[in-house]
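One-letter residues, chain by chain:
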Amino acid sequence: MPIFEKPDLESLPPVRQRWVPLYLEHGRLEVDDSSVKWIGADYTVLRIPVAAVSTLLLGPGTTITHAAVKACAEANTAICWIGVDGFHFYATGVVTTHDNANARLQAMAFASKTKRAEVARRMFARRFPGVDVSKKSLDDLRGMEGQRVRNLYAELGARYAVAWKGRRYDPNNWDLADDINKAISAANAALYALCTSVICSLGFLPALGFIHSDHPLAFVFDIADLYKHETSFLAAFQTLGANPRADEKDVLTVLNSLIQQKRILQRIPDDIKELLA
């Protein structure tokens, strides 16, 4: 039986110092010779230092052994299951942390109607610098956010010469969507996976959102929305602007580069703590 030695929590690198998510498809993850090993359908064999990876994104055709899941959990490395080329975000595994202090902090803020609204306004304030959000209702701020995003889509379309007809797609039939809508969805799914991995690894609760609600990833959507303008949206338009025939894998490559350039992995923990303070 393969043996993976459980590392001490104190020896694990914090999420902000880990690599960006690693996407895998059509292969098998297992533990062999005390390490997590990837065996691809093309016979590629790679040993993965899971303790240095923020999250593993498992795409279609992927299988994983119980030992590999256990090794990732012990290394505090999240696992996310996503659809073909990142079109869908299906599920994530819960990773353990030192304690539940962050969960309690978030739950207390969520439980207070006044504090919950305060956190939501802090999130909106980051979208509208210079605007006194305290004098606007949350419904007004949601309307302003919708208009801001629509304007951003149009601006990016003009900047990168990508035809933009609006955010239109059917999640049950991706073939009906145009290329730019597919690219945005793929990039967003990957960004959700990253945010989920950081939120879970820090011990926060993905389901307790402050702007979004009624979804098990409500807090993930809250946090991801803070970075879409400089990551997933930009990656989609930038990629198709450079190559109209680019596929979703090309989009994810650009997205990973932007995440590293913008230091998103390093910023998320501090931003969450500031928002919930």
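Before any of the text, the structure's been laid out above.
Presented here is a report on the structure given in the accompanying data block. None of these values were measured; they are calculated from a predicted model.

What to know about the overall build of the protein
Here comes step 1: Helix and strand content of the protein: nine helices and eight strands.
Here comes step 2: Here the protein holds 277 residues, and 49% of them are scored as buried.
Here comes step 3: Once local pairs closer than 6 in sequence are excluded, the contacts in the protein between residues at least 24 apart make up 63%.
Here comes step 4: Of the accessible surface of the protein, which amounts to about 13700 Å², a share of 53% is contributed by carbon and sulfur atoms.

Re the sheet that holds strand E2 (residues 27–32)
The pairing of strands in a sheet happens through backbone hydrogen bonds and is either parallel or antiparallel.
Here comes step 1: The mixed open sheet is built from four strands, whose spatial order is E4-E3-E2-E6. Strand pairing shows two members of the sheet lacking a second neighbour, strand E4 (45–48) and strand E6 (62–64), which therefore form its edges. Neighbour-to-neighbour, the strand axes of this sheet turn through a mean angle of 25 degrees, independent of strand direction.
Here comes step 2: By the bridge criterion, three bridges tie E2 to E6 in an arrangement that is parallel. The residue bridging Leu-29 from the neighbouring strand is Ile-64, located in E6.
Here comes step 3: Across the sheet, helix H1 (residues 66–74) touches E2, strand E3 (35–40) and E6, and the angle it forms with E2 is around 70 degrees.

Some words on the sheet that holds strand E5 (residues 55–58)
Here comes step 1: Ordered in space as E1-E5-E7-E8, the four strands form an open sheet in which the pairing is mixed. Edge strands, defined here as strands with exactly one partner in the open sheet, are strand E1 (22–24) and strand E8 (89–92). Sheet twist, expressed as the average angle between the axes of neighbouring strands with direction ignored, equals 25 degrees.
Here comes step 2: Across four bridges, E5 lies against strand E7 (residues 78–82) in parallel orientation. Across the sheet, residue Leu-57 finds its bridge partner in E7, namely Cys-80.
Here comes step 3: The strands touched by helix H5 (residues 179–201) are E5, E7 and E8; relative to E8, the strand with the most contacts, the crossing angle is about 15 degrees.

Here is what the cut-offs are and how they apply
All residue numbers here refer to positions counted from 1 along the written sequence of the relevant chain. Local features in this predicted model are restricted to residues of pLDDT 70 or higher, and side-chain atom pairs are both shown and tallied only at a pLDDT of 80 or more, whereas totals for entire chains, interfaces and linings draw on every residue. To obtain the side-chain values, all non-hydrogen atoms of the structure were included, while hydrogens and water were left out. The secondary structure listing takes helices from DSSP runs of H or I that are at least 4 residues long and strands from runs of E that are at least 2 residues long, numbered from the N terminus. Partly exposed describes any residue whose relative accessible area lies between the buried limit of under 20% and the exposed limit of over 50%, with all areas from a 1.4 Å probe on protein chains only and scaled to the type maximum. Note on contacts: a residue pair is in contact if any heavy atoms of the two residues lie within 4.5 Å. Computed with the Shrake-Rupley method and a 1.4 Å probe, the accessible areas treat only the protein chains shown as cover for residues. For two strands to be treated as a pair, DSSP must find no fewer than two bridges joining them. To obtain an axis, a line is fitted to C-alpha atoms, over the contacting stretch when the element is a helix, and the angle between two such axes runs from 0 to 180 degrees between their N-to-C directions.

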